[in-house]
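Here is what each chain is made of, one letter per residue.
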Amino acid sequence: MQQIAPHTWTFEAPAIPFAPMKAHCRFCRAQVALLRPEAISIQTGNYIVKGECERCGGEVLLIVS
């Protein structure tokens, strides 16, 4: 996932292995970068992105409105 303009994101494979944003990891209880982000759902105008925590490898979800 890559930001291409303010409030505009693309789900093309990024050149680097993490999204240019962070999400909260419930296992690490910290803000972490998303590894291998992928869009899992587009509903109600929100983008739901699933990725892996950069620290523990656990699943991290991010909602981008």
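Residues numbered from 1 in each chain as written. Predicted model: local features only at pLDDT ≥ 70, side-chain atom pairs only at ≥ 80, totals over all residues. Heavy atoms only, no water.

**Overview of the pairing of strand S6 (residues 59–64)**
Of the two faces of S6, only the one carrying Val60, Leu62 and Val64 is buried; Glu59, Leu61 and Ile63 on the other face are not. Where strand S5 (residues 46–53) lies against S6, six bridges are found, and the strand directions are antiparallel. Bridge pairing links Ile48 to Ile63 in S6. Here S5 folds back onto S6, and the loop between the two strands holds five residues, one of which, Gly57, carries a positive phi near 85°. (Buried < 20%, exposed > 50% of the residue type's maximum accessible area, 1.4 Å probe, protein only. Helix = DSSP H or I, 4+ residues; strand = E, 2+ residues; numbered from the N terminus. Pairing = 2+ DSSP bridges.)

**Quick notes on the pattern of salt bridges**
All told, the structure shown has one salt bridge when counted by the stated rule. Between Glu52 and Arg36 there is a salt bridge, with its nearest N and O atoms 3.0 Å apart. Placement of the pair is Glu52 in strand S5 and Arg36 in strand S4 (residues 30–43), with a sequence separation of 16 residues. (Salt bridge = Lys/Arg side-chain N within 4 Å of Asp/Glu carboxyl O.)

**Some words on the nonpolar core**
Residues Met21, Ala23, Cys25, Val32, Leu34, Val49, Cys53, Val60, Leu62 and Val64 constitute the largest nonpolar core, which totals ten residues. Only strand S3 (18–25), S4, S5 and S6 provide two or more residues apiece to this core. Every residue in contact with Val60, bar those within four places of it in the chain, is listed here: Ala23, His24, Cys25, Val32, Leu34, Val49, Lys50, Gly51, Glu52 and Cys53. (Core = buried A, V, L, I, M, F, W, Y, C linked by side-chain atoms within 4.5 Å. Contact = heavy atoms within 4.5 Å.)

**A short note on unusual backbone geometry**
The backbone of Arg29 shows a phi angle near 55°, a positive value even though the residue is not glycine. Relative to the elements of secondary structure, Arg29 occurs in the loop between S3 and S4. Even without a glycine there, the phi angle at Arg36 is positive, about 50°. Look at Arg36 and you get exposed, because its relative accessible area is 52%.

**Comments concerning the confidence of the model for the chain**
Predicted confidence across the chain gives a mean pLDDT of 78, with 68% of residues reaching 70 or more. Here strand S1 (residues 2–5) stands out as the element of the chain with the lowest mean pLDDT, 68, in contrast to S6, whose mean of 87 is the highest. (pLDDT = per-residue confidence, 0-100.)

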